[in-house]
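Given next are the chains, with one letter for each unit.
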Protein chains: 4
Amino acid sequence: MKEVRIGLIGTGYIGKAHAIAYAQAPTVFNLRGRLVREMVAEVTPELAAERAHAFGFNRSTGDWRALVADPAIDVVDICSPNHLHKEMALEAIRHGKHVYSEKPLALNAHDAREMVDAAKRAGVNTLVGFNYMKNPTAQLAKEIIARGEIGEVIHFYGTHNEDYMADPLSPIHWHCFKETAGLGALGDLAAHIVNMAQYLVGEIEQVCGDLKIVVPARPTKGGSSEMIAVENEDQAHAMVRFAGGAQGVIETSRVACGRKMGLSYVITGTKGAISFTQERMAELKLYLHDDPVNRQGFRTLLVGPAHPDYAAFCMGAGHGIGFNDQKTVEVRDLVDGIAADAPMWPDFEEGWKVSRVLDAIALSHLQGRWLNVNDIV
Amino acid sequence: MKEVRIGLIGTGYIGKAHAIAYAQAPTVFNLRGRLVREMVAEVTPELAAERAHAFGFNRSTGDWRALVADPAIDVVDICSPNHLHKEMALEAIRHGKHVYSEKPLALNAHDAREMVDAAKRAGVNTLVGFNYMKNPTAQLAKEIIARGEIGEVIHFYGTHNEDYMADPLSPIHWHCFKETAGLGALGDLAAHIVNMAQYLVGEIEQVCGDLKIVVPARPTKGGSSEMIAVENEDQAHAMVRFAGGAQGVIETSRVACGRKMGLSYVITGTKGAISFTQERMAELKLYLHDDPVNRQGFRTLLVGPAHPDYAAFCMGAGHGIGFNDQKTVEVRDLVDGIAADAPMWPDFEEGWKVSRVLDAIALSHLQGRWLNVNDIV
Amino acid sequence: MKEVRIGLIGTGYIGKAHAIAYAQAPTVFNLRGRLVREMVAEVTPELAAERAHAFGFNRSTGDWRALVADPAIDVVDICSPNHLHKEMALEAIRHGKHVYSEKPLALNAHDAREMVDAAKRAGVNTLVGFNYMKNPTAQLAKEIIARGEIGEVIHFYGTHNEDYMADPLSPIHWHCFKETAGLGALGDLAAHIVNMAQYLVGEIEQVCGDLKIVVPARPTKGGSSEMIAVENEDQAHAMVRFAGGAQGVIETSRVACGRKMGLSYVITGTKGAISFTQERMAELKLYLHDDPVNRQGFRTLLVGPAHPDYAAFCMGAGHGIGFNDQKTVEVRDLVDGIAADAPMWPDFEEGWKVSRVLDAIALSHLQGRWLNVNDIV
Amino acid sequence: MKEVRIGLIGTGYIGKAHAIAYAQAPTVFNLRGRLVREMVAEVTPELAAERAHAFGFNRSTGDWRALVADPAIDVVDICSPNHLHKEMALEAIRHGKHVYSEKPLALNAHDAREMVDAAKRAGVNTLVGFNYMKNPTAQLAKEIIARGEIGEVIHFYGTHNEDYMADPLSPIHWHCFKETAGLGALGDLAAHIVNMAQYLVGEIEQVCGDLKIVVPARPTKGGSSEMIAVENEDQAHAMVRFAGGAQGVIETSRVACGRKMGLSYVITGTKGAISFTQERMAELKLYLHDDPVNRQGFRTLLVGPAHPDYAAFCMGAGHGIGFNDQKTVEVRDLVDGIAADAPMWPDFEEGWKVSRVLDAIALSHLQGRWLNVNDIV
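Residues numbered from 1 in each chain as written. Chains lettered and ligands numbered in written order. Predicted model: local features only at pLDDT ≥ 70, side-chain atom pairs only at ≥ 80, totals over all residues. Heavy atoms only, no water.

Looking at an unreviewed UniProt entry, one finds chain A named Gfo/Idh/MocA family oxidoreductase and attributed to Enterobacter chuandaensis.

Caption draft 1: Looking closely at the interface of chain C and chain D. Listed as interface residues are 43 residues of chain C and, on the opposing side, 43 residues of chain D. For the pairing of chain C and chain D, the buried interface totals around 3,200 Å² over both sides, and the portion due to carbon and sulfur atoms is 54%. For the pair chain C and chain D, the interface holds 2 salt bridges. Of the residues in the side of chain C that touches chain D, the class split is 17 nonpolar, 16 polar and 10 charged. (Contact = heavy atoms within 4.5 Å. Buried area = accessible area lost by both parts, 1.4 Å probe. Salt bridge = Lys/Arg side-chain N within 4 Å of Asp/Glu carboxyl O. Nonpolar A, V, L, I, M, F, W, Y, C, P; charged D, E, K, R; others polar.)

Caption draft 2: Region of the structure containing the sheet that holds strand 1 (residues 3-9) of chain C. All names here are of chain C. With respect to topology, 6 strands assemble into an open sheet ordered 3-2-1-4-5-6, the strand pairing being parallel. With one partner strand each, in any of the chains shown, strand 3 (59-61) and strand 6 (126-128) form the two edges of the open sheet. Neighbouring strand axes in the sheet, compared pairwise and without regard to direction, differ in orientation by 20° on average. The pairing of strand 4 (residues 75-78) with strand 5 (residues 98-101) spans 4 bridges and is classified as parallel. Considered in strand 5, the bridge of Ile78 is made with Ser101. With respect to the sheet, helix 10 (residues 348-367) is in contact with strand 5 and strand 6, its orientation differing from that of strand 6 by roughly 40°. (Pairing = 2+ DSSP bridges. Helix = DSSP H or I, 4+ residues; strand = E, 2+ residues; numbered from the N terminus. Axes fitted to C-alpha atoms, helices over the stretch in contact; angles between N-to-C directions.)

Caption draft 3: Examining unusual backbone geometry more closely. With an omega of -15°, the peptide bond running from Lys103(B) to Pro104(B) counts as cis. Within the fold, Pro104(B) resides in the loop between strand 5 (98-101) and helix 5 (109-122). One non-glycine residue with positive phi stands out, namely Asp309(B), at about 65°. Looking at where Asp309(B) falls in the secondary structure, it is placed in the loop between strand 16 (298-302) and helix 9 (323-340). Phi is positive for Asp341(C), which is not a glycine, with a value near 50°.

Caption draft 4: Just the relation of the copies chain A and chain C, in detail. For the match of chain A to chain C, the screw axis carries a shift of 0.0 Å, the RMSD comes to 0.0 Å, and the turn is 180°. Each copy turns onto its partner about a two-fold axis. Among all residues of chain A, the minimum C-alpha distance to the rotation axis is found for Arg299(A), at 2.0 Å. Comparing interface residues between copies, 100% of those in chain A also sit at the interface in chain C, which points to an isologous, same-surface contact. (Least-squares fit on C-alpha atoms with pLDDT ≥ 70 in both.)

Caption draft 5: Representation of the packing of helix 4 (residues 85-94) of chain D against helix 5 (residues 109-122) of chain D within the structure. All names here are of chain D. Taken N-terminus to C-terminus, the directions of helix 4 and helix 5 make an angle of 10°; their axes are 10 Å apart at the nearest point. Taken together, the axes of helix 4 and helix 5 are roughly parallel relative to one another. Judged by residue contacts, His85, Lys86, Ala89, Leu90 and Ile93 of helix 4 engage Asp111, Glu114, Met115, Ala118, Ala119 and Ala122 from helix 5. For the contact of helix 4 with helix 5, the class distribution of residues is 7 nonpolar, 1 polar and 3 charged. (Parallel < 35°, antiparallel > 145°, perpendicular 65-115°, else oblique.)

Caption draft 6: The arrangement of the UniProt feature "domain: GFO/IDH/MocA-like oxidoreductase" (unreviewed entry) in chain A in detail. Within this numbering scheme, the UniProt entry marks residues 139-274 of chain A as carrying the feature "domain: GFO/IDH/MocA-like oxidoreductase" (unreviewed entry). Taken as a whole, residues 139-274 of chain A contains 21% helix and 37% strand, while its terminal C-alpha atoms sit 12 Å from one another. (UniProt positions renumbered as here; feature names shortened; annotations may be inferred.)

Caption draft 7: Summary view of the interface of chain A and chain C. Each partner contributes to the interface: chain A provides 18 residues, whereas chain C provides 18 residues. Of all residues in chain A, Asn294(A), Arg295(A) and Arg299(A) bury the most surface against chain C, accounting for 49% of the area lost on that side. Where chain A meets chain C, there are 6 salt bridges. A salt bridge links Glu143(C) to Arg295(A); its shortest N-O distance comes to 3.0 Å. The interface formed by chain A and chain C contains 11 residue pairs in polar contact (both at pLDDT 80 or more). Contributions of two or more residues to the side of chain A that touches chain C are made by helix 6 (136-146) and strand 16 (298-302) of chain A. Of the residues forming the side of chain A that touches chain C, the biggest block, 4 residues, is contributed by strand 16 of chain A. (Polar contact = N/O pair within 3.5 Å; in protein donor to acceptor, adjacent residues only side chain to side chain.)

Caption draft 8: Main features of the side chain of Glu251(C). Among the structural elements, Glu251(C) can be located in strand 12 (residues 247-253). A polar contact is formed between the side chain of Glu251(C) and the side chain of Tyr157(C), at a distance of 2.9 Å. Non-local contacts of Glu251(C), meaning those with residues more than four positions away in its chain, are made with Tyr157(C), Gly158(C), Thr159(C), His160(C), Asn161(C), Ala236(C), His237(C), His155(D), Tyr157(D) and Val249(D).

Caption draft 9: Expanded view of the pairing of strand 12 (residues 247-253) of chain D. Residue and element names in this part refer to chain D. Most of strand 12 sits out of view: 7 of its 7 residues are buried. Every second residue of strand 12 is oriented toward a common face, with Gln247, Val249, Glu251 and Ser253 on one face and Gly248, Ile250 and Thr252 on the other, all of them buried. Where strand 7 (residues 153-161) lies against strand 12, 7 bridges are found, and the strand directions are parallel. The partner of Phe156 across the bridge, within strand 12, is Gly248. Of the pairings in the sheet, the one linking strand 11 (residues 235-242) to strand 12 comprises 7 bridges and is antiparallel in character. For Ala238, the partnering residue across the bridge sits in strand 12 and is Ile250. Counted along the chain from strand 11 to the antiparallel partner strand 12, the turn is 4 residues long, and its residue Gly245 has a positive phi close to 110°. (Buried < 20%, exposed > 50% of the residue type's maximum accessible area, 1.4 Å probe, protein only.)

Caption draft 10: Region of interest: the relation of the copies chain C and chain D. Superposing chain C onto chain D takes a rotation of 180° combined with a translation of 0.0 Å along the rotation axis, leaving an RMSD of 0.0 Å. Most of the interface of chain C is mirrored in chain D: 100% of its interface residues are interface residues there too.

Caption draft 11: Region of the structure containing the nonpolar core. Counting 226 residues, the largest nonpolar core has Tyr265(B) and Tyr265(C) as the members making the most contacts within it. Leaving out residues up to four positions away in the same chain, Tyr265(C) has contacts with Thr137(C), Ala138(C), Ala141(C), Phe156(C), Tyr157(C), Gly158(C), Met196(C), Leu200(C), Ile274(C), Ser275(C), Phe276(C) and Leu284(C). (Core = buried A, V, L, I, M, F, W, Y, C linked by side-chain atoms within 4.5 Å.)

Caption draft 12: The UniProt feature "domain: Gfo/Idh/MocA-like oxidoreductase N-terminal" (unreviewed entry) in chain A, seen in detail. On the UniProt side, "domain: Gfo/Idh/MocA-like oxidoreductase N-terminal" (unreviewed entry) is annotated at positions that read residues 4-130 of chain A here. Taken end to end, residues 4-130 of chain A has its terminal C-alpha atoms 21 Å apart, with 45% of it in helix and 22% in strand.

Caption draft 13: Region of interest: the sheet that holds strand 3 (residues 59-61) of chain B. Residue and element names in this part refer to chain B. The 6 strands are arranged 3-2-1-4-5-6 in an open sheet whose pairing can be described as parallel. Strands at the two margins of the open sheet, each flanked by one partner only, are strand 3 and strand 6 (126-128). For this sheet, the mean angle separating the axes of adjacent strands, direction not counted, is 20°. In this fold helix 1 (residues 13-28) packs onto strand 1 (3-9), strand 2 (34-41), strand 4 (75-78) and strand 5, with an angle of close to 155° to the strand it touches most, strand 2.

See below:
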């Protein structure tokens, strides 16, 4: 069985989620390749060594360039801050590595396109960490739509709202600067819901957005009275039009009091509707217009072994899946894809398409009008 | 005690709701005037007589002009189809009557303005039937916001979606024609959520909308194969900006499968949030950011006697209020207002403001850009 | 059209609900008799006169005996405290009046039986105010069960929990004494859920209960330090067995923090299930086992014109019904029944059956064993 | 760091959950011992080898007696069918192994007691797989109660209902026979909710139960017309009394249509209430009576890093935890306990106490009366 040797760069919040997924994936799924947790890179050799030990990796390094150049690495997994994605990915590609990058793929669509092209030229496979679409409930939604059970989709309302910066005194961090994060809530959060929209409904062709910085300046650190300006949007929304004709609205915020994991969608079709929120990630609501009129109502489907990818986790319906489980499905796709040398999805191309939509939303705000996504270069 | 003698024009769906409210209001509330169910007008004398009997009115007529001219009428209550509101209201005003009109006030803002001006010149009082804001839960939301409990409002998401025309074979009716209805879902449904937005968050200053006819033609009658073109939007949404600085999104649809009474709102503030759907009209969800971080969560408030206007219906909390009860609150405002010769709210001026927002949304769609609501004449 | 002239005794909490129902019923429904709000009795002539005026009744009296003897009264409606039901009903029956009594019918089954027998001998019709079963959702549940849609019922879990006495310092009142109330939460609240159980599942044959006084003594009045002993149960539950073979559990409490109107039931059948709570009185959840396994889930049915007795209130589904609306359905049954001189349901016989179940629960607690309901005399 | 070498017997449904937990626990938590997946036992050497490979274990055997005797095993993990627990545990204890057993500990309390005594005599540590109490939400409920936030607990309503045998034609299996399973739904499901009740509210002292076989016979296999009698209860409920004075009701069913993972509880205290269902395993509802009366309501707490044991899985609140995650907390307790040679909980003693309650419920049904749990030997 072919080995799939992972080199992980970055071990923070999302890096740990990757590590947990690597740990459990071979037991959960019958993988097509032998997953090897080979090397961890962090900002210092000490931290790298500590995390390699904690995450069950064989080796570690304080220099990510050593990792991407290492001959015993098949896949470079990029979990670093956003502004480093591009340089690391390009360097990995230069060494012929497959690349698995966290979202957003880059700080803007232009950079993302450069990465897509580099990967294509090098003939390496790519995957972007849009893990919410790997949730069995999202796959179930996709299946329902694809089978025509809700008819033709006519409307999409999607959000990714959280409140992690709702407190105006919570300190500034790299997400708030253009140089390190590019966009604000759009890049950090809306990337997921835009990907979800395109996964479920198809490509977004036109957008018209409105962005706002709600908290203009934040303390340099907790308790400090020194304030620094926030450079990108705290909240934004956009009207969108899909290639298939459906209308949509996308909302995002990092200051939405009360929303802890507010990725949600309501999809309306000509014969039914679907409703979902990630805060109840193991259930999907489904309405079928053809039910008898006096027995119509949204059904609460609890995800179970009759639905995609659930049975590997548990044979009992409704027993629940968690955040790291959807990352584990993603890792399954990674290992199977690399082992078979087959394309994976969502790849860098999709990552670029998402970036393009986000950039178009931001630009349409500046111009106060609708934009064609294709016009973003 | 001063008499408040009602002349009701129109006894369909909403006319009956008015009649029920008239019937129960004097028992529910301690009204400041003596409500008299004086006269009903309908399209024929026979129908008028039948309905006057059923609704407990003293007299009836097959000619609405007789009703508005009748000296024993204090208030003309207009429950006729939309395109008749203007003519009837102007004629009633001409006879010095107070006017209580169903929404939308007119087919467009221009007509609505004419009605406002006429009422002002005549010195009569007016009220528009935006009954959802009379719901105790809506009043509770207003109170929470006014007291600053959720801080400064930064975002409003509101919908009025229903599925009463979701079936593409459901026959055409007057709501689908410009001449009889003006706008489609915007006029019939969104009028309510725009009023609610302005009630709770303040005036809408700028809008950018997108409208769509989803079902281009419908049968002339049930089972018929003869099709007639639908002339106005089945679904629409808009981005809006409030005078106070908040951003917002408004959605509306008459073809939203699964939504039976989808007037809903999520209001996000700097210190909390409120969430509501009319399908659970007796509960309001409230999130307070200042709760201890490990005890934060949306509270489900069941409306009760500690909240506005509930105690008159029932002394037990959570026992439930219904659609006609909010109409009864509206009738209380009507009778008290007329008896005291005091202004009521929402008056024709607010009805005009709502129409202006709706017209601006429709026009912004045609122009593909943001519009100032003030630019609508 | 035959007149149905009402004499109302008692105008407190529930008396006002009756008055509201009388006010709106003729407009809501096409009644088979002409409802006349004839006379109100209260403890003083002044209070009676004031309430008669407020409730739209023609006459009033400070002596209930005058009311039950009045020749212009067809129906005596008893909304007085529980311990007066029996005497008033017997006196009304003696005068040949039909009787509409609030629940519980009497302080115990023995007294209730006496009332049943008196009514039968006199040939008068009777109705007991178990209004929750008049809710269109309850009627819908009944219809679903009767049609076999959830198969054979195998389990019933029902509650009527509230928290109106949850505060240990809330003052004592007549509900807490055996002489004035008989049972505690069982009589005041569980009467409703026992009636509902019998309406939906059939007669209860055997019971085994457990009762508890949670707050042993309460202040004589608000703020007082003088305490008086509570004489009846604050909370209770019982296992029950239905004649049809189903098992069940009944719970009740007046000290259940957080429950404002906690009448709820979960009914499990061999082919489906139903779930309901009165706190969301306009929706019923329905699960059908025969749905495809990957599309199974509880449906949230919003009550609408396709369901029993809703269309009279509103032609739009999901627009909501309230507490007084179910009382209005009850009044419709009353007026139609009296006008047609036909039996009504739930009648005194059912009121007695409910009392018998409640008494059996209390007695089974004392004896620490199962009891046959039939053994209660 | 001390090694904790696991020997796993049984690799079915729950065995795989254990394997997943072993795989991810060292990455999720900073364990106090080095977890070694040492050996798997299954019914044949081939199956054992296959599963050892799939689950990442070093060795395998077709003979569980070899596993329990193996000197390189520290903990024997028993995931076999219920009737084998006792023999395997006793044999493991005889070899001085610590034992981690799935629930129910044994087929009856008598056997469980024998296991407790053997473990005590041998001085080995024990743990029973009541994983639902390891859910961060359950720990949060415990914390809320322990801090007195809902006052003194006065009522507990708990269920463990599923519908995995709701179809009367689903074939018979070992759960249905006394010899292989002992009790039916009580042993398979109610064991969890009884443990949860005792974890959250304290020991159950008295019980009075009612049991029922709903489907008397089932096919020998799918599609077969040969039927075999079901020997134990499909559904049951019981009234219980806790040592601390609270009353309670416990329900269980394996034929409860619509319930996929219906472990739920409502805990009422003198100052608040808690409500939970495992179908929404990442949220807990909390009501605090001391909130202002017009702002009272159940709060929906989404479990997050401010709550017990969540942060190790994810630093974002509300991102969701799954079924295997609670098993991972259990494995953390196991490894930390064994590494520190410290007692773990719930141990065999608690397993016996649970069995005693279940046996008492079954016996009380036969005797038709209340029983003291202590009277079960």
